[in-house]
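# Structural characterization, general
Listed below are the residues making up each chain.
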Amino acid sequence: MKEKLESYGIEIKNEELLRIALTHSSFSNEHNTKNYERLEFLGDAVLELVTSEYLFLNTNYKEGDMSKIRASYVCEEALDAYAKDIDLKKFILVGHGQKKDVNATIVADVFESVLAVIYLECGLEVVKKFIFDTIIPYIEKKVQFKYDYKSLLQEMVQTDKKSLEYVLVEETGPAHKKTFTIEVHIDGMIYGRGIAGSKKEAEQRAAKDAYQKSSR
């Protein structure tokens, strides 16, 4: 992965940090190492900042329209597409039970984690250039991805100053192939429900259910 980033003019000196960004929890549990989850948190924020700034400076869309456009280009499907362009999947470290199921959720998470490493190692301007090289062309070409309903619902709830919570109500199946059922609660009331093979996708489906009901 280090060499791949160098092709974009990015030099990562802290190779251990990059390794952590590429490490799934299934691998870290087997080898007692750190995984990408904390880096993903930071990378998500960096991605949102850069795409938000791009839309603000390069379009005349209203706030709500910018939110919807940004959401569609930071969703799991979109991140998986960007990751394919840089052959990211082959660098991801997963445990034995996960090797046959390196799904779009994992790939999307790792892409955000790599963004965090670039930001920490090289600064905002370098990670911004990388995002402009890998993501902005999709926006400019108006490639269609599905919306990130969690972001849309969060913004809707913030407007009304309501509380939002995702609750895991059921988890079934073997460790390597679990099914998660998530409910989204707004001010303590159930607004949506989602079922999927990952918590992240189940949350998206619950958010979509809630957002569509609230938008009617």
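That block above? That's the structure.
Cut-off values and rules
Residue positions are given per chain, counting from 1 as you read along its sequence in written order. pLDDT decides what is reported in this predicted model: residues at 70 or higher carry local features, side-chain atom pairs at 80 or more are listed and counted, and totals for whole chains, interfaces and linings draw on all residues regardless. The side-chain quantities take in all heavy atoms of the structure and omit both hydrogens and water. Each pair of aromatic rings taken from Phe, Tyr and Trp, with Trp reduced to its six-membered ring, is defined by centres within 6.5 Å and is described as stacked if the planes are under 30 degrees apart, edge-to-face if over 60, and tilted in the remaining cases. Helix and strand assignments follow DSSP, with helices taken as H or I runs no shorter than four residues and strands as E runs no shorter than two, numbered in order from the N terminus. Here, a charge over a ring is recorded when the distance from Lys NZ or Arg CZ to the ring centre is within 6 Å and its angle to the ring normal is within 35 degrees. Side-chain atoms within 4.5 Å link the members of a nonpolar core, which is a set of buried Ala, Val, Leu, Ile, Met, Phe, Trp, Tyr and Cys residues. Categorising residues by exposure relies on relative accessible area from a 1.4 Å probe, with only protein chains included: less than 20% of the type maximum marks a residue as buried, more than 50% marks it as exposed, and the intermediate range marks it as partly exposed. The contact criterion used is simple: two residues touch if any of their non-hydrogen atoms lie within 4.5 Å.

Attention shifts here to the packing of aromatic side chains. Following the criterion strictly, the structure yields 9 aromatic pairs and no others. Judged by centre distance (5.1 Å) and plane angle (80°), the rings of Y8 and F130 are edge-to-face. Residue Y8 is found in the loop between α1 (2-6) and α2 (15-21), and its partner F130 is found in helix α8 (residues 124-134); the two are separated by 122 residues along the sequence. Taken together, the ring pairs connect Y8, Y73, Y82, F111, F130, Y138 and F145 into an aromatic cluster. Just above the ring of Y166 sits the side chain of K150; from NZ or CZ to the centre is 4.8 Å.

This part covers the nonpolar core. Counting residues in each nonpolar core, the largest one holds 48 residues, and the members touching the most others are L5, Y82, L88 and F111. Contributing elements (two or more residues each) for this core: α2, α4 (37-58), α5 (63-73), α6 (76-85), α7 (104-122), α8 and α9 (136-140). With 10 residues, α7 is the largest single contributor of residues to this core. With near-sequence residues (within four places) excluded, Y82 lies in contact with Y73, F111, T134, I135, Y138 and F145. L153, V157, V184 and A196 belong to the second largest nonpolar core, which has 15 residues in total.

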